[in-house]
Amino acid sequence: MKQTAVNNKLRNIAIIAHVDHGKTTLVDLMFRQSGMFRDNEDIAERVMDRLDLERERGITIAAKNCSVIWENVKINILDTPGHADFGGEVERALMMVDGAILLVDASEGPLPQTRFVLKKALDGGKKIIVIINKIDRKDARSDEVLNEIYDLFIDLDANEEQIEFPVLYAIAREGVAKYAIDDENNDLRPLFETILDEIPGPQFHPEEPFQMLVADLDYSDYIGRLAVGKVFNGSVKNNETLVCVGKDGNVWPLKVTKLQVYEGLKISEVSKAEPGDIIILAGIEDVHIGDTICTKDAPKGLKRIAVDEPTISMMFTINTSPLSGKEGKLVQANKIRERLVKETLRNVALKVEDVPNSDSFIVKGRGEFQMAILIETMRREGYEISVGRPKVIYKEKKGKLFEPIEHLFIDCDENFVGMVTEKLSKRKGRMINLVNHGTGRVRIDFSIPSRGLIGYRNEFLTDTKGTGIMNSYLEGYEEYRGDYPSRMTGSLVSDRQGEAVAYAIYNLEPRGILFIQPGDPVYEGMIVGEHNREQDLNVNPCKMKKLTNMRAAGKDDGIVLTPVIPMTLERAIEFIKDDELVEITPKSIRLRKYIHKTSKPLDFLKFTS
């Protein structure tokens, strides 16, 4: 058996938390108290949320690295996404760490996305530190939440050592961590001490040569492609001759221009990297996530990163509407394909397939939210694209059809339980559990097909008057549960090109909910509203009022229209049917029929997932 050694100068940890439980705020304060910033330095809040979309939505999308120094020990911190749709980011991050901090809200307790990432960490044998945050909330229930966390660990088959986790209590916003709720402590020293005491240093085999597993890719305009990963064994010096071991065991030489490590939020060049450290190699071409970088004298590959299979597919295609090219600068199919392939290089959970003899591509991923983030990123970069309705990816075993099943958690007012249960049962959902704490709110668990949740989120918010909370994670595959009607309403489809007119919109309002305002450009085949009946209806949103010589006093007073709710990307993706597309440009989101001509029967969009 090989001898193992431990690098005690290092600690590699991930931070696991549900959305809005205080993870990014905690990292901010860890920076400040570890002395990484000068006292007079001007620092933005939520420094780890570097992407514009992360700051806008208040969520973590991409796993990111940084480091702090405490008592001469370097602590590498990896900020993991909390959403199951970004599972590929989670798996890469957890591969590089030896332990994790589980951050839980003292009122809300452990929520579904926490469960997803924690399951991955426990399966990987990581040591867990539990922090119960926001203990200053008026509705905090720290003792009950701690019991819920123990139940969660047991439910996830944690071993005895993992269940004996240390517990800290925190107010991350104020930079306070305590061993007990009534401690007088007013800084994060207990947290740093617990990390050094409880999280083991990275292990390595002293006799093995240098090996690094590529866990992330980036690009710099100045020094080219960057490969990020953990040094599993051995050490590496700057300008050393290295090779890459690919997926099939193929070996090819690499020329490394720079060796860098994380120091705080910055990246610094170093002459040598030790085992266990997270490093960045610059100037490397043709390297993929999961490859092993090692010395030329002893090329030996490590086990590749395993990622859960995609469960959702969507069709991406060029924008073929009459308004194509008016708002975006990147409209060609080859540009869209290049961008999608580039995304798969950085996101191991995404796959792209070409549709033969067309300008379309099938993108497979974890969920519609992951797809929406990709589309939003692309439109901000200047792309114009059209996308179809998300479809689940089925599996066939022994002649039977299997589909992905989600474990759905609903938290809503008890008055809405009947309506929510009825809607979900129509979508083939089955209630598993219902808990009423007597506070007026109820928690319900459902088992439901992934396709049953497509298009349901907005309906759920409407039914619960915006007060409901809904979360889910993939539970596995089950036999197909049968068909159900996806959308009970049709579409109002424009029958001509022109500009929408207030008079026409006013007369269309009794027909359904309108998506357009006066002055908006429309074209034949564009969806201008939701019909209040099942079938589609061709309408004329450009119809002007006929003028006559006779006038009555007050007859032509201004028309008052019902305010239009702005169309968001997620709402659009959830709304469309199989024969409809979402047209996305840097400035607009429009809905349209796949076939433009309203005079012809509407064909269905066909593609295999």
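Preceding this paragraph is the structure being described.
Residues numbered from 1 in each chain as written. Predicted model: local features only at pLDDT ≥ 70, side-chain atom pairs only at ≥ 80, totals over all residues. Heavy atoms only, no water.

1. Some words on the nonpolar core
Thinking step 1. The biggest cluster of nonpolar side chains holds 65 residues, and the ones touching the most others in it are F153, I279 and I293.
Thinking step 2. Those residues in contact with I293 that sit more than four places away from it in its chain are F210, Q211, M212, V214, A227, L242, V243, L254, L281 and I284.
Thinking step 3. F316, I527, F575 and L591 belong to the second largest nonpolar core, which has 30 residues in total. (Core = buried A, V, L, I, M, F, W, Y, C linked by side-chain atoms within 4.5 Å. Buried < 20%, exposed > 50% of the residue type's maximum accessible area, 1.4 Å probe, protein only. Contact = heavy atoms within 4.5 Å.)

2. Structural notes on the state of the cysteines
Thinking step 1. A complete count under the given rule lists zero disulfides for this structure.
Thinking step 2. Lacking any disulfide linkage, C294 is separated from the closest cysteine sulfur, that of C244, by 7.8 Å. (Disulfide = S-S within 2.5 Å.)

3. Digging into the side chain of K577
Thinking step 1. Among the structural elements, K577 can be located in the loop between α14 (569-575) and β36 (580-584).
Thinking step 2. Of the side chains with opposite charge, D536 comes closest to the buried, unpaired K577, at an N-O distance of 4.3 Å.
Thinking step 3. Of note is the side chain of K577, whose polar atom sits 3.3 Å from the backbone oxygen of T489.
Thinking step 4. In this view, K577 contacts R389, R487, T489, G490, E534 and D536; residues no more than four positions away in its chain are not counted. (Helix = DSSP H or I, 4+ residues; strand = E, 2+ residues; numbered from the N terminus. Lys, Arg positive; Asp, Glu negative; His and termini not counted. Salt bridge = Lys/Arg side-chain N within 4 Å of Asp/Glu carboxyl O. Polar contact = N/O pair within 3.5 Å; in protein donor to acceptor, adjacent residues only side chain to side chain.)

4. A look at the pairing of strand β15 (residues 258-263)
Thinking step 1. The sheet contact formed by β15 and strand β18 (residues 278-282) spans four bridges and is antiparallel. When the sheet's bridge partners are listed, V261 is paired in β18 with I279. (Pairing = 2+ DSSP bridges.)

5. So, helix α5 (residues 142-155)
Thinking step 1. The terminal C-alpha atoms of α5 lie 20 Å apart, and with 14 residues this matches the ideal 20 Å at 1.5 Å per residue to within 8%.
Thinking step 2. Buried within α5 we find S142, V145, L146, I149, L152 and F153. Down the axis of α5, the smallest arc covering the buried residues is 115 degrees, so these residues share one side. What points out from α5, more than 90 degrees from its buried face, is the exposed set D143 and I154.
Thinking step 3. Downstream of α5 by a residue or two, D157 has a phi angle that is positive, lying close to 60 degrees. (Expected span 1.5 Å × (residues − 1). Arc of directions from axis to C-beta.)

6. Description of the side chain of T489
Thinking step 1. Looking at the element boundaries, T489 is found in the loop between β29 (469-479) and β30 (491-494).
Thinking step 2. Here E530 takes part through its side chain, which lies 2.6 Å from a polar atom of the side chain of T489.
Thinking step 3. Non-local contacts of T489, meaning those with residues more than four positions away in its chain, are made with E530, H531, R533, E534 and K577.

7. Focus on the packing of aromatic side chains
Thinking step 1. Summed over all chains, the structure comprises six aromatic pairs.
Thinking step 2. Their ring planes at 10 degrees and their centres at 4.3 Å tell us that W70 and F192 sit as a pair that is stacked. Here F192 lies in helix α7 (residues 189-198) and W70 lies in strand β3 (residues 64-70), a separation of 122 residues in the sequence.
Thinking step 3. Ring geometry for F515 versus F575: centroids 5.2 Å apart, planes at 85 degrees, classification edge-to-face. Of this pair, F515 sits in the loop between β32 (512-514) and β33 (521-522) while F575 sits in helix α14, and the two are 60 residues apart along the sequence. F575 matches F515 in its accessibility class, with the two residues each being buried.
Thinking step 4. In this structure, K230 is placed above the aromatic ring of F232, and the distance from its NZ or CZ to the ring centre is 5.1 Å.
Thinking step 5. Directly above the aromatic system of F402 lies the positively charged group of K397, at a separation of 5.1 Å from the ring centroid. (Phe/Tyr/Trp six-rings, centres within 6.5 Å; stacked < 30°, edge-to-face > 60°. Lys NZ or Arg CZ within 6 Å of the ring centre and 35° of its normal.)

8. Side note on the environment of R346
Thinking step 1. Take R346: it is sitting in helix α8 (residues 333-346).
Thinking step 2. You can call R346 partly exposed: its relative accessible area is 39%.
Thinking step 3. Taking C-alpha positions, R346 is 7.4 Å from D218, a pair spaced 128 residues apart along the chain.

9. Let's talk about the pattern of salt bridges
Thinking step 1. As enumerated under the stated definition, the model contains 34 salt bridges in all.
Thinking step 2. The shortest N-O distance in the salt bridge between E381 and R339 comes to 2.6 Å. Within this pair, whereas E381 is found in the loop between α9 (368-380) and β23 (385-387), its partner R339 is found in helix α8, the two being separated by 42 residues in sequence.
Thinking step 3. Looking at R339, the relative accessible area reads 8%, which means it is buried.
Thinking step 4. D495 is the salt-bridge partner of R496, the closest N and O atoms lying 2.8 Å from each other.
Thinking step 5. A residue is classified by how much of its surface remains accessible, and D495, at 25% relative accessible area, is partly exposed.

10. Overview of unusual backbone geometry
A negative phi angle characterises most non-glycine residues, just as the trans form characterises most peptide bonds.
Thinking step 1. Within the chain, K398 stands out as a residue other than glycine whose phi angle is a positive 50 degrees.
Thinking step 2. With respect to the element layout, K398 can be found in the loop between β25 (395-397) and β26 (400-413).
Thinking step 3. One non-glycine residue with positive phi stands out, namely K465, at about 55 degrees.
Thinking step 4. Here K465 is to be found in the loop between α12 (457-463) and β29.

11. Considerations on the environment of P190
Thinking step 1. Checked against the element boundaries, P190 lands in helix α7.
Thinking step 2. Discounting residues that sit within four places of it in the chain, P190 has contacts with L168, A177, K178, Y179 and N185.

12. Notes on the pairing of β26
Thinking step 1. Most of β26 is tucked away, with 11 of its 14 residues classed as buried.
Thinking step 2. Pairing analysis gives three bridges linking β25 to β26, with the strands arranged antiparallel. Across the sheet, the residue bridging to K395 is F402, located in β26.
Thinking step 3. Counted between consecutive antiparallel strands, the loop separating β25 from β26 contains two residues, among which K398 sits at a positive phi close to 50 degrees.

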